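# Structural description and commentary
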Amino acid sequence: MLILRPQPLTAEAFAPYGDVIETADRDFFMINNGSTQRFHRLAEVQLGTPEDQGIISIFRAQALEMPLAIKMMERHPLGSQAFIPLKQNPFLLLVAEPGENPQPEAIKAFITDGSQGVNYHLGVWHHPILCCVDEDDFLVVDRQGEGNNCDEFFFAEGTEILLDPGK
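Residues numbered from 1 in each chain as written. Predicted model: local features only at pLDDT ≥ 70, side-chain atom pairs only at ≥ 80, totals over all residues. Heavy atoms only, no water.

A separate point is the overall build of the protein chain. On a plain count of helices and strands, the protein chain comes out with one helix and 17 strands. For 167 residues, the compact-globule formula gives about 15 Å, and the C-alpha radius of gyration of the protein chain, at 16 Å, lands near that figure. Principal-axis analysis of the C-alpha atoms places the extent of the protein chain at approximately 60 × 40 × 30 Å. When contacts within the protein chain are restricted to residue pairs at least 6 apart in sequence, those whose partners lie at least 24 apart make up 81%. Roughly 9400 Å² of accessible area belongs to the protein chain as shown, and the carbon and sulfur atoms make up 50% of that amount. (Helix = DSSP H or I, 4+ residues; strand = E, 2+ residues; numbered from the N terminus. Rg over C-alpha atoms; globule rule 2.2 N^0.38 Å. Contact = heavy atoms within 4.5 Å. Areas by Shrake-Rupley, 256 points an atom, 1.4 Å probe, with all protein chains shown as cover.)

What follows is about the nonpolar core. Note on soluble globular proteins: their nonpolar side chains tend to be buried together. Formed by 16 residues in total, the largest nonpolar core has its most connected members in Phe-14, Leu-93, Val-118 and Tyr-120. Of all elements in the fold, only strand E10 (91-96), strand E12 (117-120) and strand E15 (135-144) reach the threshold of two or more residues within this core. Looking at which element gives the most residues to this core, the answer is E10, with three residues. The residues contacting Leu-93, other than those within four sequence positions of it, are Leu-9, Phe-14, Lys-108, Ala-109, Phe-110, Thr-112, Val-118 and Tyr-120. Grouped together as the second largest cluster of nonpolar side chains are 14 residues, Ala-96, Ala-109, Trp-125 and Leu-163 included. (Core = buried A, V, L, I, M, F, W, Y, C linked by side-chain atoms within 4.5 Å. Buried < 20%, exposed > 50% of the residue type's maximum accessible area, 1.4 Å probe, protein only.)

Bringing the sheet that holds strand E7 (residues 68-69) into the picture now. The three strands lie next to each other as E1-E17-E7, forming an open sheet whose pairing is mixed. Where the open sheet ends on each side, the last strands, each with one partner, are strand E1 (2-4) and E7. Where E7 and strand E17 (residues 161-163) come together, two bridges link them in antiparallel fashion. Note that in E17 the partner of Ala-69 across the bridge is Leu-162. (Pairing = 2+ DSSP bridges.)

Within the element layout of this structure, Ser-80 appears in the loop between strand E8 (72-75) and strand E9 (81-85). Given the relative accessible area of 1%, Ser-80 is considered buried. Among the polar contacts made by the side chain of Ser-80, one reaches the main-chain amide nitrogen of Gln-46 at a distance of 2.7 Å. Once residues lying within four places of it in the same chain are set aside, the contact partners of Ser-80 are Glu-44, Val-45, Gln-46, Asn-119, Tyr-120, His-121, Leu-122, Val-141, Asp-142 and Arg-143. (Polar contact = N/O pair within 3.5 Å; in protein donor to acceptor, adjacent residues only side chain to side chain.)

The quantities given are spatial measurements derived from coordinates; they are silent on function.
Here it is, written out as structure tokens:
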């Protein structure tokens, strides 16, 4: 059995999968007559075609019982997908680099600090949102357009992958 234990999310560790959206240690410039810091271009929305649109949604997620048996992952081949926590709660991430199928031994687990968001790059395998409280809200920036932008991969029966964040 493969047991995944989340590591703290850092920009360096997450770089193969996308961007960490955070203000810590990021450059900014002042706007609004000096009353506001602008942390500019922390991530880019990736769109597959010029006709695609970047859209903003709110996802309300329910916590899943942990430890969690991982049965599937998904990817978005036509656009990036960003998750920004609205209530400052940590959340869990499972990711694998783009490719035909996610390989269990290549899956990485992360936990945010509650102030961080992520932007999954186009084609990156990830588990659907995993909140750490009973119910949580996320601002989501992703793609709208023609074509199927969500591939799901279900692991073969007997593949045992367990996410165990401990406590």
